[in-house]
Structure formats: structure tokens, C-alpha cells
Amino acid sequence: MEKQTMLSDEQLVKSFIGGDCESIDVLIDRHKAKVFSYILMCVKQQELAEDIFQEAFIKVIKSLKRGRYLDSGKFSSWVMRIAHNLIIDHYRKQKNHTVVSNDSYDYDLFNSTKFAEKSIEDKIVFDQVLSEVGSLVTMLPDNQREVVEMRHYKGLSFKEIAEETGVSINTALGRMRYALMNLRRLMEERNLSLTLT
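Cut-offs applied
- Residues numbered from 1 in each chain as written.
- Predicted model: local features only at pLDDT ≥ 70, side-chain atom pairs only at ≥ 80, totals over all residues.
- Heavy atoms only, no water.
- Core = buried A, V, L, I, M, F, W, Y, C linked by side-chain atoms within 4.5 Å.
- Buried < 20%, exposed > 50% of the residue type's maximum accessible area, 1.4 Å probe, protein only.
- Helix = DSSP H or I, 4+ residues; strand = E, 2+ residues; numbered from the N terminus.
- Domains from an automatic or database assignment.
- Contact = heavy atoms within 4.5 Å.
- Phe/Tyr/Trp six-rings, centres within 6.5 Å; stacked < 30°, edge-to-face > 60°.
- Salt bridge = Lys/Arg side-chain N within 4 Å of Asp/Glu carboxyl O.
- 1 Å grid on protein atoms, 1.4 Å probe; cavity = no way out; pocket = protein on both sides within 12 Å on 5 of 7 lines; lining within 4 Å.
- Points joined across faces, edges and corners; volume = space filled by probe spheres on them.
- Nonpolar A, V, L, I, M, F, W, Y, C, P; charged D, E, K, R; others polar.

Draft legend 1. Spatial organisation of the nonpolar core. Judged by nonpolar contacts, the single largest core of 47 residues is most densely connected at Val-35, Ile-39, Val-60, Leu-64, Phe-75 and Trp-78. Per-element accounting of this core gives the leading share, 11 residues, to helix H2 (residues 22–43). Two domains each provide a minimum of three residues to this core, namely domain 1 (2–94) and domain 2 (119–189). Each residue touching Phe-75, except ones within four places of it in the same chain, is listed here: Asp-9, Glu-10, Val-13, Leu-27, His-31, Val-60 and Tyr-69.

Dropping the structure here:
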């Protein structure tokens, strides 16, 4: 197992396809933090994120066994795309289960931008914003990044953050404030506009 951790993603994929089951464990360990954080950031529910994470790697294993992975050198991107598609599927199912009657309202409920399908362009812009915010967060000082990740990726309250980091609630709030100020500064320096239309 120790020797396997030195292998590249592509070597581990080939090894797994060749019958070495431990290779998939190394791949999951290597990418779980990134994939799980992304899912949790999108769905904002721990249990749901865990379900989608498991489903994503079950799909990865099945696809590898069926030879549906092309050796493109982008294993982590491929896994993220699978996770992203599962998140979209989840929200589509949720949307299809919601029933609203138009009869009880004086105006046409369905003639609203809230119910309009997001265009591919909107989705691309949203994904780009998520990616840029994620890369800016990694540039923050460790204690500020930690608070942002706990608050927005893990959904913890400031009280929980204070307990986990061993600081007062005021310190946790202060770190978040400085993190937001630093993120604004980083955006201005890079001339980024992270708004969703």
C-alpha cells in the first residue's frame, strides 16, 4: 500500500483495472477531501453530501471496470465531473417532486424567472465562479481559510467553529471578517467579478 501511494493517478487506474483492488482505495483517499468538500459546498447537507460522495465513487468503480475511462491524465477532473452530474441529478429529482398549483393565485406563478431553466451559459458562469472562489480561498492565511471552510464548506456555526479551533466566538467572527476583506482585496487585485446574473 505504501508503494502505491507513490504512483500517479493513471498508474493506479491501470493497476485497479488490472485487478489490484487496493489501488482504488489509494485513489479515493487521495481525492476524497476535494470531492467531498465540493459536494458539501453545493448541497449544504452532511448526510446528503456523504450519499452523493459514495454514489460518485461507486460510479467511478463501475465505469473503470467497464472500461469507460479514457486515459487522459485527468482522473481528478473526471471524478469531479461525475460528482457534479450527480448533484445536478439530485436537484432535478427534487424539482420534479415539488408540485405547485397555479389555481390558487391571482397571477401566473409559472411566468417567473424563478422557475426558468438555467441556461448552459448560466451553469458555466456558476461553475467558473465556484472555481475562482475556491482558488482565492486557498490563498488566505491558514486561520482565515480554516474558518471559511468550516463555515461555508462544512456548514458549522460560529459557536461550533470556536469550539473546534479553540478560540472565542469573537475571534472566529473576526477571522471571517478578515477573510472576507482579504477575498475582496484578492478579487480587486486580479480584476475578478464574481457575480451571478
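Draft legend 2. Just the packing of aromatic side chains, in detail. Going through the model one piece at a time under the given rule, you end up with five aromatic pairs. Where Phe-36 meets Phe-53, the ring centres are 6.0 Å apart and the plane angle is 80 degrees; that geometry is what we call edge-to-face. Here Phe-36 is found in helix H2, whereas its partner Phe-53 is found in helix H3 (residues 46–65), with 17 residues between them in sequence. In this pair, the class of Phe-36 matches that of Phe-53, namely buried. Look at Tyr-69 and Trp-78: their rings are 4.6 Å apart centre to centre, the planes differ by 50 degrees, and that puts the pair in the tilted class. Each member of the pair, Tyr-69 as well as Trp-78, is classed as buried. Chaining the aromatic ring pairs together yields one cluster made of Phe-36, Phe-53 and Phe-57.

Draft legend 3. Expanded view of the pattern of salt bridges. A full pass over the atoms with the stated rule returns six salt bridges. Linking Lys-32 and Asp-29 is a salt bridge whose minimum nitrogen-to-oxygen distance equals 3.4 Å. Taken as a pair, Lys-32 and Asp-29 lie in helix H2 at a separation of three residues, close to a single helical turn. By relative accessible area, Asp-29 is classed as partly exposed at 46%. Between Arg-145 and Asp-142 there is a salt bridge whose closest N-O contact spans 2.9 Å. One end of the pair, Arg-145, and the other, Asp-142, are both in helix H6 (residues 142–153), three residues apart, so they sit about a helical turn from each other. Overall, Arg-145 belongs to the partly exposed group, its relative accessible area being 23%. The exposure class of Asp-142 is exposed, given its relative accessible area of 56%.

Draft legend 4. Fine view of the layout of surface pockets. Here the second largest pocket defines a volume of roughly 700 Å³. In this structure, the second largest pocket is lined by 23 residues; those nearest its centre are Lys-34, Ser-37, Tyr-38, Met-41 and Met-80. Within the residue set of the lining of the second largest pocket, elements represented by two or more residues are H2, helix H4 (75–97), helix H5 (120–137) and H6. Grouping the amino acids of the lining of the second largest pocket by side-chain chemistry returns 10 nonpolar, seven polar and six charged. Of the domains in this structure, domain 1 (2–94) and domain 2 (119–189) are the two that each give at least three residues to the lining of the second largest pocket.

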